[in-house]
Amino acid sequence: MQLQKKIRAADIENYIAEVSVSSEALGKLYEAISPSVYAYALTVTRNANDAMDVLHDCVVKVYEKAPYYKANGKPMAWIISIAKNLCYDKFRRQSRFCDMTEEQLEGYFADNDAMSAEDRAVVRECLYRLDSDERTVVVLHAVSGLKHIEIAKLLQLPLSTVLSKYSRSIKKLKGVLSEV
């Protein structure tokens, strides 16, 4: 699975609206959301198989709930909240999170041909230097394109906490990159 350029929210909303009548729209929706959903699920579950399960379950849920979706210009916030709930459901069922080593997690992001060498360096340092909460905020903002307020709602954290985690994370990464 490869990271890709950001898909417009309007396109995702159109795919959501069309999935009940077009299998082609479901495929396009999957292609549009899979990098962000998988990246988020991977940072939470730390297990590639669980992340893939969450991705597939998320697409099924989006398909099932598509008729009830109210277009508001923020489909990824809705989709990532579905993924979040699926991750936590999986966590409750398995009572564990951390099957994937840092190296394996890094491998997903760092070996991606769609990313520049600079992006891979940032991701590598992000994985090593940031704690789990900081990593989640950065991935949701940078990979999924969610706004900080959307991340705050999704993670049920105060906006100030999300902003400070993001700011602190970026400062850590800038410090690391300035050393190189």
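The structure presented is a predicted model; accordingly, all values stated were derived computationally and were not measured.

Peer 1: Help me out: how do you make sense of the packing of helix H7 (residues 132-142) against helix H8 (residues 148-155) in this one?
Peer 2: Working note: a packed helix pair is described by the angle between its axes plus the distance between those axes. Where H7 contacts H8, the axes come no closer than 10 Å and their chain directions differ by 130°. Our classification of the angle between H7 and H8 gives oblique. Considering the relative orientation of H7 and H8, their crossing is right-handed. Contacts between H7 and H8 involve Thr 136, Val 137, Leu 140 and His 141 from the former and His 148, Ile 151, Leu 154 and Leu 155 from the latter. Split by residue class, the contact of H7 with H8 holds 5 nonpolar, 3 polar and no charged.

Peer 1: Sorry if this is basic, but what is going on with the pattern of salt bridges here?
Peer 2: Two side chains of opposite charge can pair, provided their charged atoms sit close to one another. Here the structure, examined in full by the defined rule, presents 5 salt bridges. Between Asp 11 and Arg 8 there is a salt bridge, and its shortest N-O distance comes to 3.3 Å. The class of Asp 11 is partly exposed, set by a relative accessible area of 23%. One salt bridge connects Asp 133 with Lys 165, and the closest N-O pair in it is separated by 3.9 Å.

Peer 1: Could you clarify how one ought to interpret the side chain of His 148 in this entry?
Peer 2: Positionally, His 148 belongs in helix H8. Accessibility expressed as a relative area gives 16% for His 148, which makes it buried.

Peer 1: Where do I start with unusual backbone geometry in this structure?
Peer 2: Negative phi characterises most residues that are not glycine, and trans characterises most peptide bonds. Even without glycine at this site, Arg 46 takes up a positive phi of about 60°. Among the secondary structure elements, Arg 46 is positioned in the loop between helix H2 (23-45) and helix H3 (48-65). Note on Arg 46: relative accessible area 10%, which makes it buried. One non-glycine residue, Gln 156, lies in positive phi territory at about 55°. The residue Gln 156 is located in the loop between H8 and helix H9 (159-179) in this model. Its relative accessible area of 66% is what places Gln 156 among the exposed residues.

Peer 1: Would you explain the confidence of the model for the protein chain in this entry?
Peer 2: Any segment with low pLDDT has predicted coordinates that should not be analysed in fine detail. Mean pLDDT over the protein chain works out to 79, with 74% of the residues at or above the 70 mark. A low-confidence stretch, residues 95-99 stays under pLDDT 50, and its non-local contacts, those more than four residues away or across chains, total 12 contacts.

Peer 1: Sorry if this is basic, but what is going on with the environment of Trp 78 here?
Peer 2: As for its position among the elements, Trp 78 is in helix H4 (residues 75-94). Looking at Trp 78, the relative accessible area reads 22%, which means it is partly exposed. Put simply, Trp 78 and Leu 154 are 76 residues apart on the chain and 8.8 Å apart in space, counted from C-alpha to C-alpha. Trp 78 has contacts with Ile 16, Val 62, Lys 65, Ala 66 and Tyr 69, leaving out every residue within four places of it along the chain.

Peer 1: Explain the state of the cysteines to me, please; I cannot follow it from the model alone.
Peer 2: Disulfide: a covalent bond formed between the sulfur atoms of two cysteine residues. This model, assessed by the stated rule, comprises 0 disulfides. Free cysteine: Cys 58, not disulfide-bonded; nearest cysteine sulfur from Cys 87 at 8.8 Å. On the basis of relative accessibility, which here comes to 0%, the residue Cys 58 falls in the buried class.

Peer 1: Could you clarify how one ought to interpret the packing of aromatic side chains in this entry?
Peer 2: The relation between two aromatic rings is expressed through the spacing of the ring centres and the mutual angle of the planes. One pass over the structure, following the stated rule, counts 1 aromatic pair. Ring geometry for Tyr 69 and Trp 78: centres 4.6 Å apart, planes at 40°, overall tilted.

Rules and cut-offs
- Residues numbered from 1 in each chain as written.
- Predicted model: local features only at pLDDT ≥ 70, side-chain atom pairs only at ≥ 80, totals over all residues.
- Heavy atoms only, no water.
- Axes fitted to C-alpha atoms, helices over the stretch in contact; angles between N-to-C directions.
- Helix = DSSP H or I, 4+ residues; strand = E, 2+ residues; numbered from the N terminus.
- Parallel < 35°, antiparallel > 145°, perpendicular 65-115°, else oblique.
- Left-handed = near helix turned anticlockwise from the far one by under 90°.
- Contact = heavy atoms within 4.5 Å.
- Nonpolar A, V, L, I, M, F, W, Y, C, P; charged D, E, K, R; others polar.
- Salt bridge = Lys/Arg side-chain N within 4 Å of Asp/Glu carboxyl O.
- Buried < 20%, exposed > 50% of the residue type's maximum accessible area, 1.4 Å probe, protein only.
- pLDDT = per-residue confidence, 0-100.
- Disulfide = S-S within 2.5 Å.
- Phe/Tyr/Trp six-rings, centres within 6.5 Å; stacked < 30°, edge-to-face > 60°.

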